[in-house]
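Breakdown of the fold
This is what each chain is made of:
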Amino acid sequence: MERRRFLQNIGATAVGFSLLKSSMAAQLSASAEAVGSVVVVGGGMAGTTVAKYLRFWGGTGVDVTLVEPNATYYSNIFSNMVLTGERTLSQLSYNYSTLKSKYGVKVQNYSVSSIDPVGKKVTLSNGVVLPYDRLVLAPGIDFEPLPSLTGTTANQAKIVHAWKAGAQTTSLQNQIKAMTSKDTFILTIPPAPYRCPPGPYERACVVADYLKRTKGGGKVVILDANPGIQAELQNFTTAFNETHKGIITYVPNAPIASINADTMTVKTSSGLSYTGKVINAIPSHKAGKLITDSGIGLANGLNGKWAGVNVLSYESTNLDLAGIHIIGDSSSTTQPKAGHIANAEAKVCADAIINTFKGGTINQVPITNSSCFTPITKTTASWLSVVYRYDPASKTMLPTGNGITESNGATSENYEDMLKWFNNLMADTFS
Ligand SMILES: Cc1cc2nc3c(=O)[nH]c(=O)nc-3n(C[C@H](O)[C@H](O)[C@H](O)COP(=O)(O)OP(=O)(O)OC[C@H]3O[C@@H](n4cnc5c(N)ncnc54)[C@H](O)[C@@H]3O)c2cc1C
């Protein structure tokens, strides 16, 4: 019953994604043709989805150029399983060939270095200037420096976050592989908001499981800057206290004060000291550099670190930046920073832009959904799910119905559903 209700609620199946598609498409005015040009910056979960759906729903009158420096995108989702050898990075790699061949999106493998909101154009790292009618920014996240990181350069280089899948994921995987049953893995979690609220706790679980299975033991210490577990409270409490009892130690209210990479010691602001073989320090987050360093007032949300947006269209709340939309992790909304919600935000944004190009009205009751599956061991997973609806009074997206729900524990059935959910989400984004 629980599983059926979950699948019905989250739309995490192929059926769910297509239902979301058809309900959005139905909101489009059927008559007028959409005509206009859009530059999309960032080919991750949010940017790729919006580029695809602008063409899929908008038709050939919508000219779409995606600007992304990398030819290959490595999924962060499932990258914790690369750390424990259950996935390879190449199994998590995606490219833009279907976007080009099937949807006619133009792709420029450069980064955007500046934005001219008055002239409505962006300049790429190769000097090419692209004009736009609408600009969609989806550059993901960037990190603040770690507080007081000391030690030799070589030792400092060992302290990685692996919070953007790629070279650091491989580095951390190798460090974990070299651990023995006597070693400690220290994971530091930054203050919220950070990308993927359950992600760090998931990482602690899969590393603990790996150490137990392959090394016969080991320790995982979680130093959380937050006052408590940020997602799936019930499931992670069970995972820490029962499933991974004796391996995981969870320490709340433990922001980092300093890290000494020579002695491999982390000091927390309350003066506690932890030494480990591996330190996986995830720094505080902010919106992608393109937002925070733009110089045009994009970073106007939540301490000036994120982009404030109108969630009916994801257009900037800075009125001088009309026509610029920000989606995915860079935007500041009441929704989590996650790949599933980035995909959903992209569809709301695409729908709004297409309707604007048609001279129609924007949907006033957008609905988005987010779900997150969490491997707890090599064969079991748990999940959380939430559906958001626009609340006109607060002008924010608020959880509907039962709010944020989580599975009743971690099961192998959930693990199977997790694989299907991931394949559907990635297919809906990249193909
Ligand atoms: C370990 C881990 C596990 C996760 N698990 C889940 C999960 O189970 N479920 C879930 O929903 N989410 C999960 N997430 C979160 C998810 O990966 C992110 O929320 C999602 O990728 C955000 O999408 P985005 O498009 O905003 O950013 P990204 O996917 O990071 O894409 C940003 C893109 O912008 C490009 N870019 C940056 N600057 C420029 C520029 N100036 N010009 C051009 N391009 C630029 C980058 O190259 C990048 O390709 C996880 C994250 C991590 C780290």
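Sequence order as written defines residue numbering, which begins from 1 separately in each chain. It should be noted that, the model being predicted, local features are given only for residues of pLDDT at least 70 and side-chain atom pairs only at 80 or more, the latter also being counted only at that level, while totals for whole chains, interfaces and linings use all residues. Excluded from the side-chain calculations are hydrogens and water; all other atoms, namely the structure's heavy atoms, are used.

**Some remarks on the overall build of the protein chain**
Worth spelling out the cut-off: Helical segments are the DSSP runs of H or I of at least four residues, strand segments are the runs of E of at least two, and each set is numbered from the N terminus. Only C-alpha atoms enter the radius of gyration, while the globule expectation follows 2.2 Å times N to the 0.38, with N the number of residues. Residue burial is assigned from relative accessible area. The probe radius is 1.4 Å, only protein chains are included, and a residue is buried under 20% of its type maximum, exposed over 50%, and partly exposed in between. The criterion used for residue contact is that any of the two residues' heavy atoms lie within 4.5 Å. Each accessible area value is a Shrake-Rupley result obtained with a 1.4 Å probe; residue values ignore everything except the protein chains displayed when judging cover.
Within the protein chain one finds 12 helices and 27 strands. Scaling as 2.2 N^0.38, a compact globule of 431 residues should have a C-alpha radius of gyration of about 22 Å, and the protein chain matches this with 22 Å. Judged by the C-alpha coordinates and their principal axes, the protein chain covers about 65 × 50 × 40 Å. Across the 431 residues in the protein chain, those meeting the buried criterion constitute 55%. If you take every contact in the protein chain between residues at least 6 apart in sequence, the share linking residues at least 24 apart comes to 69%. As displayed, the protein chain offers around 16800 Å² of accessible surface, 53% of which is attributable to carbon and sulfur atoms.

**Here's the deal with the confidence of the model for the protein chain**
We count it as follows: Confidence of the predictor in every single residue is expressed as pLDDT, which spans 0 to 100.
Per-chain confidence: the protein chain averages 93 in pLDDT, with 93% of residues scoring 70 or above. Across residues 1–16 the pLDDT falls below 50, and counting only partners more than four positions away or on other chains, this stretch makes 27 contacts in the model. In the predicted structure, residues 25–29 sits below a pLDDT of 50 and forms 11 contacts with residues beyond four places in sequence or in another chain.

**Observations concerning the packing of aromatic side chains**
Note the following rule: Pairing of aromatic side chains here covers Phe, Tyr and the six-membered ring of Trp, requires ring centres within 6.5 Å, and sorts the geometry by plane angle: under 30 degrees stacked, over 60 edge-to-face, intermediate tilted.
Enumeration according to the criterion identifies 13 aromatic pairs in this entry. Ring centres of Tyr96 and Phe430 lie 6.1 Å apart, and the angle between their planes is 45°; this geometry places the pair in the tilted category. Of this pair, Tyr96 sits in the loop between strand E4 (93–94) and helix H5 (97–101) while Phe430 sits in helix H12 (residues 412–430), and the two are 334 residues apart along the sequence. Aromatic side chains Phe373 and Trp421 sit 5.5 Å apart centroid to centroid with 45° between the ring planes, which places their arrangement in the tilted category. Remark: Trp421 occurs in helix H12 and Phe373 occurs in strand E24 (residues 367–375); sequence separation between them is 48 residues.

**Some remarks on the nonpolar core**
Threshold: Working definition of a nonpolar core: buried Ala, Val, Leu, Ile, Met, Phe, Trp, Tyr and Cys residues. They are joined through side-chain atoms within 4.5 Å. An automatic or database domain assignment is the source of the domain bounds shown.
Among the nonpolar cores identified, the biggest contains 109 residues, and Leu54, Ile115, Leu137 and Val220 are the most heavily contacted of them. For this core, the element with the highest residue contribution is helix H11 (residues 339–357), accounting for 9 residues. Looking at which domains feed residues into this core, each of domain 1 (2–142 + 286–430) and domain 2 (157–282) supplies at least three. Filtering out sequence-adjacent residues up to four positions away, Val220 remains in contact with Phe185, Ala204, Val207, Ala208, Leu211, Ile247, Ile248 and Thr249. Ala261, Met264, Ile279 and Ala281 belong to the second largest nonpolar core, which has 15 residues in total.

**Examining the packing of helix H3 (residues 45–58) against H11**
This is how the line gets drawn: Angles here are taken between N-to-C directions and fall from 0 to 180 degrees, while the axes themselves are lines fitted to C-alpha atoms, restricted in helices to the stretch in contact. Each helix crossing is assigned a hand: it is left-handed if the near helix lies turned anticlockwise from the far helix by less than a right angle, otherwise right-handed if that turn is clockwise. Throughout, the ten residues Ala, Val, Leu, Ile, Met, Phe, Trp, Tyr, Cys and Pro are labelled nonpolar, Asp, Glu, Lys and Arg are labelled charged, and all others, Gly among them, are labelled polar.
The N-to-C vectors of H3 and H11 enclose an angle of 35°; their axes lie 8 Å apart at closest approach. Seen from above, H3 lies across H11 with right-handed handedness. Across the interface between the two elements, Met45, Ala46, Thr49, Val50, Tyr53, Leu54, Trp57 and Gly58 from H3 touch Gly339, Ala342, Asn343, Ala346, Lys347, Cys349, Ala350, Asp351, Ile353 and Ile354 from H11. For the contact of H3 with H11, a count of residues per class yields 12 nonpolar, 4 polar and 2 charged.

**Focus on the pattern of salt bridges**
The condition is simple: Only one rule defines a salt bridge in this text: a Lys or Arg side-chain nitrogen within 4 Å of an Asp or Glu carboxyl oxygen.
What the rule picks out here adds up to 11 salt bridges. For Lys289, the salt bridge identified is with Asp142, shortest N-O distance 3.6 Å. In this pair, Lys289 is assigned in helix H10 (residues 289–292) and Asp142 in strand E10 (residues 141–143), connecting sequence segments 147 residues apart. Residue Lys289 is classed as partly exposed on the basis of its relative accessible area, which comes to 49%.

**Things to note about the site of the ligand**
Put simply, the rule is: Whether a residue is near a molecule or strand is decided by its heavy atoms; if any one of them lies within 4 Å of it, the residue is near. In the analysis that follows, any N or O atom pair within 3.5 Å is treated as a polar contact, provided that within protein one partner can donate a hydrogen and the other can accept it, and provided that, for residues neighboring in sequence, both atoms belong to side chains.
Taken together, 34 residues surround the ligand, and among them Glu68, Tyr73, Arg195, Asp329 and His340 come closest. Interatomic distance of 3.2 Å between a backbone N/O atom of Met45 and an oxygen atom of the ligand. Those elements that provide at least two residues to the shell around the ligand are H3, H11 and E24. Split into classes, the residues belonging to the shell around the ligand amount to 17 nonpolar, 12 polar and 5 charged. In terms of domain composition, the shell around the ligand takes at least three residues from each of domain 1 (2–142 + 286–430) and domain 2 (157–282).

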